[in-house]
Amino acid sequence: MGNAESGAMTTTARAEVRVLNEQGLHARPAAKLAQEAQKYGCEVFLVAGEERVDAKSVVDILTLAASKGTELVLEVSGEGADKAAHRLAEFFRNRFEDKA
């Protein structure tokens, strides 16, 4: 028997995203992104080159210092990963729904 976890399958999803808003991924959109990511029970990470941070943490997101045009990868694993990756990628496309 290969896998010690009985019957539990971990779903993983990846999505390539780009920071589109003029000011980049600063405090307000980082907070909105973390809040959105926290709605899901799965793990959500943002990857920029060699850096991989927890997308549920505003402080972690801010450490990326992602300016407009920065390409990132969303890595999502756990239950509901596909749905979370799709929604969070949409969140990036919609400029974090930041109207200001």
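Attention in this report is confined to the structure presented alongside it. Since this is a predicted model, take the numbers as computed values, not measurements. (Residues numbered from 1 in each chain as written. Predicted model: local features only at pLDDT ≥ 70, side-chain atom pairs only at ≥ 80, totals over all residues. Heavy atoms only, no water.)

Focus: unusual backbone geometry
Reasoning step 1: Although it is not a glycine, A65 adopts a positive phi angle of roughly 50°.
Reasoning step 2: Take A65: it is sitting in the loop between α2 (58–63) and β4 (71–77).
Reasoning step 3: By relative accessible area, A65 is classed as exposed at 63%.
Reasoning step 4: Of note in the backbone geometry, R95 takes a positive phi value of approximately 55° without being a glycine.
Reasoning step 5: Topologically, R95 is positioned in the segment after α3 (81–93). (Helix = DSSP H or I, 4+ residues; strand = E, 2+ residues; numbered from the N terminus. Buried < 20%, exposed > 50% of the residue type's maximum accessible area, 1.4 Å probe, protein only.)

Looking at the sheet that holds strand β3 (residues 51–54)
Reasoning step 1: The strand order β1-β4-β2-β3 describes an open sheet built from four strands, whose pairing is antiparallel. A strand with exactly one partner marks an edge of an open sheet, and here the two such strands are β1 (12–18) and β3. Neighbour-to-neighbour, the strand axes of the sheet open up by a mean angle of 25°, direction not taken into account.
Reasoning step 2: By the bridge criterion, five bridges tie strand β2 (residues 43–48) to β4 in an arrangement that is antiparallel. Paired with F45 across the bridge in β4 is E75.
Reasoning step 3: α3 contacts β1, β2 and β4 of the sheet and is inclined by roughly 5° relative to β1. (Pairing = 2+ DSSP bridges. Axes fitted to C-alpha atoms, helices over the stretch in contact; angles between N-to-C directions. Contact = heavy atoms within 4.5 Å.)

Treat this as a map of the structure, not an account of what it does.
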